[in-house]
Amino acid sequence: MTDAFDGVLHTLFQSEQGGHEQVVLCQDRASGLKAVIALHSTALGPALGGTRFYPYASEAEAVADALNLARGMSYKNAMAGLDHGGGKAVIIGDPDQIKSEELLLAYGRFVASLGGRYVTACDVGTYVADMDVVARECRWTTGRSPENGGAGDSSVLTAFGVFQGMRACAQQLWGDPSLRGRKVGIAGVGKVGHHLVAHLLNDGAEVVITDVREESVRRITDAHPEVAVVADTEALIRVEGLDVYAPCALGGALNDASVPVLTAKAVCGAANNQLAHPGVEKDLADRGILYAPDYVVNAGGVIQVADELHGFDFERCRAKAAKIFDTTLAIFARANEDGIPPAAAADRIAEQRMAEARGV
């Protein structure tokens, strides 16, 4: 455990992946809450990012995930043109076992103690109803229900934004933004993935899915019997004739094992932190696989929750999310111009905006 925490501290203070402004460890023994709140940057404004509720194998793993996710939010918010920095929170534990009103209220008090430096929302394991509870203790909470002054489910616009990213990939690869006749594989058809399926079918795509939850698969096949199902992600990435692969579950989907066998010509999905480690983006480029940076294409949700702070308007948010198409194409153009992978091009653009905000 000591070695693991030493690794986390090295990441925080010494590595290029660090540079975080603040990390808060939170505990409320009465409710069983153990949480980590990480603020990567407030250069562009208050840090904004969701709350992940997940049964991490260790506290060190939870801290490391919070650091990675918070950093990703800084880049996502910058590329989305939002006046927000990046932050993220993780609650340690199985939400099906320990989530309670008391725990969420305790978490809300910790977020409130930061005085507005961090604005929270939903993520894996947390939902609109949870944010309604958190908001009872913390006014810096978004992703609430319409009945409680919020915008509701942000997965709708997240999926719409990912679809715009796919359209940009199609434009870049085939000169036409339509996915009609293209085969798209989606790993994870939960909150975001099932909306993405509908967009793709409406556009005429052939869709193949997989998910660890049988009920999630069944929801899709009951509504859309034409959708094909494979056993797992290992099978999905090997599907013959796959045009686009969409990782829409947890991070690390693009790694040393998956990239060499991936049959898709493009990767564009909703999952955060898809690149398992630095260098994977070059491996994709070397194989001629076009990668749409995850934090760019999955920004529809954060666009929605940011808008909630100013009085939510769905059509205004949808118009902003539609611009993900143009942003993604601009990244591909910058990548070609600089001779670097799209992930590195997106990083350069985001870092430039943050540097300008700091007056660097």
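The structure this text deals with has already been given above.
Nothing here was measured: the structure is a model prediction, and the numbers come from that model.

Draft legend 1. Layout of the overall build of the protein. Across its full length, the protein holds 15 helices and eleven strands. Taking 21 Å as the expected radius of gyration for a compact globule of 360 residues, we find that the protein reaches 19 Å, a close match to that expectation. Dimensions along the principal axes, computed over C-alpha positions, put the protein at roughly 55 × 50 × 45 Å. Here the protein holds 360 residues, and 52% of them are scored as buried.

Draft legend 2. Summary view of the pattern of salt bridges. Enumeration over the complete set of coordinates arrives at 20 salt bridges. The salt bridge partner of Lys-34 is Glu-59, with a shortest N-O separation of 3.8 Å. Placement of the pair is Lys-34 in strand E2 (residues 33–41) and Glu-59 in helix H2 (residues 59–79), with a sequence separation of 25 residues. A relative accessible area of 35% means that Lys-34 is categorised as partly exposed. Among the salt bridges present, the one from Asp-307 reaches Lys-320, with a minimum N-O distance of 4.0 Å. Here the residue Asp-307 occupies a position in helix H12 (residues 300–308), and Lys-320 occupies one in helix H13 (residues 314–322), the gap between them amounting to 13 residues. Judged by relative accessible area, which is 37%, Lys-320 ranks as partly exposed.

Draft legend 3. Structural view of the packing of aromatic side chains. Inspection of every chain in the model, using the stated rule, returns three aromatic pairs. Geometrically, the ring pair formed by Tyr-75 and Tyr-295 is edge-to-face, given 5.7 Å between the ring centres and 65° between the ring planes. Taken together, the residues Tyr-75 in helix H2 and Tyr-295 in helix H11 (residues 294–297) connect sequence positions 220 residues apart. Pairing Phe-312 with Phe-314 gives two aromatic rings, centres 6.4 Å apart and planes at 75°, and the pair type is edge-to-face. Over the ring of Phe-325 we find Arg-167, and its NZ or CZ is 4.7 Å from the ring centre. Lys-191 extends its terminal NZ or CZ atom over the ring of Tyr-127, reaching a point 4.6 Å from the ring centre.

Draft legend 4. Geometry of the pairing of strand E7 (residues 206–210). Within E7, four of the five residues are buried, which leaves the element mostly enclosed by the surrounding structure. Sheet topology note: the strand E6 (residues 183–187)/E7 ladder contains five bridges and is parallel. Counterpart to Ile-186 in the pairing with E7 is Ile-209. Bridge count for E7 against strand E8 (residues 228–229) is two bridges, and the pairing is parallel. Across the sheet, the residue bridging to Val-208 is Ala-228, located in E8. As a crossover connection, the stretch from E7 through helix H8 (residues 214–223) into E8 is right-handed.

Draft legend 5. Focus on the side chain of Ser-74. Residue placement: Ser-74 occurs in helix H2. Among residues more than four places away in sequence, those in contact with Ser-74 are His-40, Ser-41, Gly-85, Gly-86 and Met-354.

Draft legend 6. Up close: the nonpolar core. Grouped together as the largest cluster of nonpolar side chains are 43 residues, with contacts concentrated most on Met-166, Leu-179, Ile-186, Leu-196, Val-197, Leu-200 and Ile-209. A total of seven residues in this core trace back to one element, the largest contributor, which is helix H6 (residues 155–174). If you look at the next biggest cluster of nonpolar residues, it comprises 23 residues, including Cys-26, Leu-103, Leu-105 and Leu-114.

Draft legend 7. Layout of the sheet that holds E2. In space, the five strands of this open sheet follow the order E1-E2-E4-E3-E5, with mixed pairing throughout. Of all the strands in the sheet, the pair left with one neighbour each is strand E1 (22–28) and strand E5 (118–122). For this sheet the average axis-to-axis angle between neighbouring strands, irrespective of direction, equals 20°. In the sheet, E1 pairs with E2 via seven bridges, with the strands oriented antiparallel. Pairing of Gln-27 across the sheet is with Lys-34, part of E2. Of the strands in this sheet, E1, E2, strand E3 (47–54), strand E4 (85–92) and E5 touch helix H4 (residues 101–112), which is tilted by about 30° from E2.

Reading guide: rules and limits
Residues numbered from 1 in each chain as written. Predicted model: local features only at pLDDT ≥ 70, side-chain atom pairs only at ≥ 80, totals over all residues. Heavy atoms only, no water. Helix = DSSP H or I, 4+ residues; strand = E, 2+ residues; numbered from the N terminus. Rg over C-alpha atoms; globule rule 2.2 N^0.38 Å. Buried < 20%, exposed > 50% of the residue type's maximum accessible area, 1.4 Å probe, protein only. Salt bridge = Lys/Arg side-chain N within 4 Å of Asp/Glu carboxyl O. Phe/Tyr/Trp six-rings, centres within 6.5 Å; stacked < 30°, edge-to-face > 60°. Lys NZ or Arg CZ within 6 Å of the ring centre and 35° of its normal. Pairing = 2+ DSSP bridges. Right-handed = clockwise from strand over helix to strand, strands pointing away. Contact = heavy atoms within 4.5 Å. Core = buried A, V, L, I, M, F, W, Y, C linked by side-chain atoms within 4.5 Å. Axes fitted to C-alpha atoms, helices over the stretch in contact; angles between N-to-C directions.

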